[in-house]
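Read off the chains here:
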Amino acid sequence: MLAIKNATLVMPDHYIEDATLLIEEGKILDFGRRITIPQGAEVLDVDGAYVGPGLFDIHTHADGEILFTDDPVKAASTLLDHGVTDVLPALYYSMDADAYVRAIRLIRSAMESGKANNIIGLYMEGPYLNPKYGCNRESNPWKGPVCREDYQKVVDEAGDLARVWCIAPEREGLDEFVEYAKAKNPRAVFSVAHSEATPQDIARFKPYGLRLATHHTNATGTLSRYPECRTACVDEAALYDGDMYTELICDKVGIHVDPFMLRLVRRIKGDERIILIADALVAHGPMPDGELYQGADDINFDFAGEIAGSKMILDGPCRNMMKHTGASICQVFRYASTNPATLLGLSDRGCIKKGNIANLTVVNHRFHVLHTVLHGGIVKQN
Ligand SMILES: [Zn+2]
């Protein structure tokens, strides 16, 4: 048994101070202010630090230096050191079908090895996105018509590991792909990504479980017929629909999403529909010269000088969200743990509850990770 004492427990809407939390066989056994620690229990005294549900990154390609598609065990372990107890490695549409299959097999075998126990599925960022948005535009292997022969082996290989499928709803012939993917894994969620879909295009896919907007305000169109007028496109549809979750890449300077936009999204979506992601990639392009990106050492650039994801791990976006919007530790744990678990229908994690998997992240008041607990075992101790 493990007992965490002197904890400030982070609940979905309040804190429990001076608390103790007991863990047995990888699950939360009990918690509260009047808990007796059984004799013989291993004790972790966190000295008042915040103990929240484990961070959950549904969308990241790397640990900042190593891609999951190169070394999933290494990347997963770095994330664990930063408090990420659950992750869906993201597989980008720059891969053709064979590369997708190889990547899925590599990650599946890492999961089966028991050396990457925080990987719990895959985030399929593709294959059918709008080639106009995002990097690798020219080399996008999925530019052609939607064709079963192309996607079938990717969908089959991913099977029930595919927790999220990204689509650009405006692409022609997408219905059969979505139906096929849904049949393979009925639990999968669909997300609008790299797209210039209209709200009507998006609404068409709602019955299949489209509930997420991938990196909200990034790689989305504005689609105005009139040069000086903004019209309703992907971002507006995601804001308008109270059911839809919005992913936010929250970097230090506020480049992916402007700090004012972060505050606007918080006001509109509320605490239950925001999901923080790192969306880390590995790109080696130089930062463009000039003032524009000053201080943005946590984001990546490709060789065309365009932004290509971040170098962050999820604790970074949590700190940045607190800084840019004034969100509390309680709220940030919602955005980075509770909401992703709820979106994916995982009721055994994402909040401190008796019987839940004991995945916990212990942070100080500035959201620096002090300890990570995975399935009841302390895996990181600073
Ligand atoms: Zn993307």
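Summarised in this report is the structure supplied together with it. (Residues numbered from 1 in each chain as written. Predicted model: local features only at pLDDT ≥ 70, side-chain atom pairs only at ≥ 80, totals over all residues.)

What follows concerns the overall build of the chain. A count of helices and strands for the chain gives nine helices and 18 strands. Taking the principal axes of the C-alpha coordinates as reference, the chain spans close to 65 × 45 × 40 Å. Among the 382 residues that make up the chain, the fraction classed as buried is 50%. Within the chain, counting contacts between residues at least 6 apart in sequence, those at least 24 apart form 70% of the total. (Helix = DSSP H or I, 4+ residues; strand = E, 2+ residues; numbered from the N terminus. Buried ≥ 20, exposed ≤ 12 C-beta atoms within 10 Å, placed from the backbone. Contact = placed C-beta atoms within 7 Å.)

So, on to the nonpolar core. Leu-21, Val-51, Leu-122, Val-164 and Leu-276 are the most contacted members of the largest nonpolar core, which totals 118 residues. Residues in contact with Val-51, not counting those within four places in the same chain, are Ile-4, Ala-7, Thr-8, Leu-9, Val-10, Leu-21, Val-46, Leu-360 and Val-362. (Core = buried A, V, L, I, M, F, W, Y, C linked by C-beta atoms within 7 Å.)

What follows concerns the packing of helix α7 (residues 259-269) against helix α8 (residues 315-325). Describing two packed helices takes the angle between their axes plus the distance from one axis to the other. Contact pair α7 / α8: the axes reach a minimum separation of 9 Å and the direction vectors enclose 90°. Considering their axes alone, α7 and α8 lie roughly perpendicular with respect to each other. Side by side, α7 and α8 meet where Pro-259, Leu-262, Arg-263 and Arg-266 of the first sit next to Met-321, His-324 and Thr-325 of the second. Here the contact of α7 with α8 is built from residues that sort into three nonpolar, two polar and two charged. (Axes fitted to C-alpha atoms, helices over the stretch in contact; angles between N-to-C directions. Parallel < 35°, antiparallel > 145°, perpendicular 65-115°, else oblique. Nonpolar A, V, L, I, M, F, W, Y, C, P; charged D, E, K, R; others polar.)

A few words now on the pairing of strand β12 (residues 245-249). As a general feature of sheets, a regular strand has side chains that alternate between the two faces. Among the five residues in β12, five count as buried, and that is most of the element. Burial of the side chains of β12 extends over both faces: Tyr-245, Glu-247 and Ile-249 are buried on one face and Thr-246 and Leu-248 on the other. In this structure, strand β11 (residues 210-213) lies alongside β12, joined through two bridges in parallel fashion. Looking at the pairing, Ala-213 lines up with Thr-246 of β12. Crossover β11 to β12 through helix α6 (residues 234-240) is right-handed. Each parallel crossover has a hand, and the one from β12 via α7 to strand β13 (residues 274-277) is right-handed. (Pairing = 2+ DSSP bridges. Right-handed = clockwise from strand over helix to strand, strands pointing away.)

Let us now look at α7. Along α7, the residues classified as buried are Leu-262, Val-265, Arg-266 and Lys-269. Buried residues of α7 fall within an arc of 100° about the axis and therefore sit on the same side. Residues of α7 that are exposed and angled more than 90 degrees away from the buried face: Phe-260 and Arg-267. Each element contacted by the buried residues of α7 is listed here: α6, β12, β13 and α8. (Arc of directions from axis to C-beta.)

If you trace the eight strands from one edge of the open sheet to the other, you get β6-β7-β8-β9-β10-β11-β12-β13, paired in parallel fashion. The two strands at the open ends of the sheet, each matched to only one other strand, are β6 (55-60) and β13. Neighbouring strand axes in the sheet, compared pairwise and without regard to direction, differ in orientation by 25° on average. Strand direction decides the pairing type here: strand β7 (residues 84-92) and strand β8 (residues 122-125), joined by three bridges, are parallel. Following the sheet pairing, Leu-91 is matched in β8 by Met-124. Packing of α7 onto the sheet brings it into contact with β12 and β13, and relative to β12 it is tilted by some 160°.

What follows covers unusual backbone geometry. Cis geometry marks the peptide bond from Gly-126 to Pro-127, where omega comes out at 5°. A positive phi angle, close to 60°, is found at Ala-219, a residue other than glycine. Assignment of secondary structure puts Ala-219 in the loop between β11 and α6. For His-375, which is not glycine, the phi dihedral falls at a positive 50°. Relative to the elements of secondary structure, His-375 occurs in the loop between β17 (369-374) and β18 (377-381). Exposure remark for His-375: the 16 C-beta atoms within 10 Å place this residue in the partly exposed category.

Alternating positions in β13 separate into two faces, Ile-274 and Leu-276 on one and Ile-275 and Ile-277 on the other, with burial throughout. In the sheet, β12 pairs with β13 via four bridges, with the strands oriented parallel. Bridged to Glu-247 within β13 is Ile-275.

Turning next to the environment of Phe-205. Within the fold, Phe-205 resides in the loop between α5 (199-204) and β11. Once the C-alpha coordinates of Phe-205 and Asp-175 are considered, the two residues, 30 residues apart in sequence, prove to be 8.2 Å apart. The residues contacting Phe-205, other than those within four sequence positions of it, are Ile-167, Pro-169, Val-178, Phe-190 and Leu-210.

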